[in-house]
Amino acid sequence: MDDSTIRVLVADDQHLIRGGLRAIIDAEPDLRVVGEAVDGASAAREAVACRADVVLMDVQMPGVDGIDGVRLVIEARPEARVLMLTMFDLDDYVLRALRAGASGFLLKTTPPADLTAAIRASRNGTMLFAPSVTRRLVESYVNQPAPVDGVPERLAGLTARELDVFQEIARGLSNTEIGAQLYMGEATVKTHITRILAKLGLRDRVQAVVLAYDCGLMRRALD
């Protein structure tokens, strides 16, 4: 296995599901399942032992569930990305997982090609959800505050241009789409996003979406 291979850990309490995911992932030349776990605690241990890049984490598992598992994995191996697995696209646990540091979520019914694409996207730090899915998820589960006047305090450290980019991230746009919307090159967009995430202490774009709704910025844009 060379350095370009994405190392995947599968955490699910059902043996058949773990086996099915392993078969799908290992069929890809650039992906490899390097370990399995049956709950959140063992996922954290295995993530370190196997040097996992991406962890596929079931939401509901006996013992330490997937929500606590996200926190444990990120504490043990901060560089790993965690994708939650769920049976329902509007699962009460999903937003809690995003708040805990997960990079996104997948349905267990996700087609194999979409699953492997999501693993690659997660590893590369790109957005996993289509804008419509992002909006529906966050609007359903974030306890939105009243719209704010001016720039929310949490975002006060962003420049005007960074705030523009942040809003487009929150809308679920890709780097190419943001560039077209704001008339800037894709490399410039990437630079802005790197600075935004660093300033706000966010792991990835998914957490940026949650923050935008949390602080009332996107509610104001939608009203």
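Predicted, not measured: the structure shown is a model, and the values here were computed from it.

S.K.: Describe helix α1 (residues 15-26), and please don't skip the residues or the numbers.
M.R.: Taking 1.5 Å of rise per residue, 12 residues should cover 16 Å, and α1 covers 16 Å from first to last C-alpha, within 8% of that figure. All of the buried residues along α1 are Arg18, Leu21 and Ile25. All buried residues of α1 lie within an arc of 65 degrees about the axis, which places them on one face of the element. Opposite the buried face of α1, by more than 90 degrees, sit the exposed residues His15, Leu16 and Ala23.

S.K.: Before we move on, can you summarise the environment of Thr159 with the specific residues and values?
M.R.: Along the chain, the position of Thr159 falls in the loop between α6 (131-141) and α7 (160-170). According to the relative accessible area criterion, Thr159 is partly exposed, its value standing at 39%. In this structure the C-alpha to C-alpha distance between Thr159 and His192, which are 33 residues apart in sequence, comes to 9.8 Å.

S.K.: Explain the packing of helix α2 (residues 40-49) against helix α3 (residues 66-76) residue by residue, including any values.
M.R.: Between α2 and α3, the least distance of the axes is 8 Å, while the angle of their chain directions is 20 degrees. As judged from the angle between their axes, α2 and α3 are roughly parallel. Both α2 and α3 take part in a crossing whose hand is right-handed. Seen from α2, the contacting residues are Gly40, Ala41, Ala43, Ala44, Ala47 and Val48; seen from α3, they are Gly69, Leu72, Val73 and Ala76. In terms of residue class, the contact of α2 with α3 is made up of eight nonpolar, two polar and no charged.

S.K.: Describe the packing of α7 against helix α9 (residues 186-200), and please don't skip the residues or the numbers.
M.R.: At their nearest, the axes of α7 and α9 sit 10 Å apart, and the two run at 90 degrees to each other. In terms of orientation, α7 lies roughly perpendicular with respect to α9. Only His192, Ile193, Arg195, Ile196, Lys199 and Leu200 of α9 make contact with α7, whose side of the interface consists of Arg161, Glu162, Val165, Phe166 and Ile169. Considering only residue class, the contact of α7 with α9 consists of six nonpolar, one polar and four charged.

S.K.: Go over the confidence of the model for the protein chain, please, and point to the residues and values.
M.R.: Mean pLDDT over the protein chain stands at 83; residues scoring 70 or higher make up 82%. Within the protein chain, strand β2 (residues 31-37) carries the highest mean pLDDT (97), whereas α6 carries the lowest (53).

S.K.: Describe the pattern of salt bridges, listing the residues and the values that go with them.
M.R.: By the definition in use, this model includes 14 salt bridges. Across the pair Glu28 and Arg120 runs a salt bridge whose closest N-O atoms are separated by 2.8 Å. Of the two residues, Glu28 sits in the loop between α1 and β2 while Arg120 sits in helix α5 (residues 112-124), which places them 92 residues apart along the sequence. Judged by relative accessible area, which is 26%, Glu28 ranks as partly exposed. Arg120 sits in the partly exposed class, given a relative accessible area of 23%. A salt bridge links Glu168 to Arg171; the shortest N-O distance between them is 2.4 Å.

S.K.: Break down the nonpolar core for me, with residues and values.
M.R.: Grouped together as the largest cluster of nonpolar side chains are 25 residues, with contacts concentrated most on Ala43, Val55, Met57, Val70, Val73, Val82 and Met84. Contributing elements (two or more residues each) for this core: β1 (6-11), α2, β3 (54-58), α3, β4 (81-86), α4 (92-100) and α10 (205-214). It is α3 that contributes the most residues to this core, four residues altogether. Other than its neighbours up to four places away in sequence, Val70 contacts Met57, Val82, Met84, Ala97, Ala100, Gly101 and Ala102. Core analysis: the next-biggest nonpolar cluster, separate from the first, contains 22 residues, Leu182, Val189, Ile196 and Leu200 among them.

About the cut-offs
Residues numbered from 1 in each chain as written. Predicted model: local features only at pLDDT ≥ 70, side-chain atom pairs only at ≥ 80, totals over all residues. Heavy atoms only, no water. Helix = DSSP H or I, 4+ residues; strand = E, 2+ residues; numbered from the N terminus. Expected span 1.5 Å × (residues − 1). Buried < 20%, exposed > 50% of the residue type's maximum accessible area, 1.4 Å probe, protein only. Arc of directions from axis to C-beta. Axes fitted to C-alpha atoms, helices over the stretch in contact; angles between N-to-C directions. Parallel < 35°, antiparallel > 145°, perpendicular 65-115°, else oblique. Left-handed = near helix turned anticlockwise from the far one by under 90°. Contact = heavy atoms within 4.5 Å. Nonpolar A, V, L, I, M, F, W, Y, C, P; charged D, E, K, R; others polar. pLDDT = per-residue confidence, 0-100. Salt bridge = Lys/Arg side-chain N within 4 Å of Asp/Glu carboxyl O. Core = buried A, V, L, I, M, F, W, Y, C linked by side-chain atoms within 4.5 Å.

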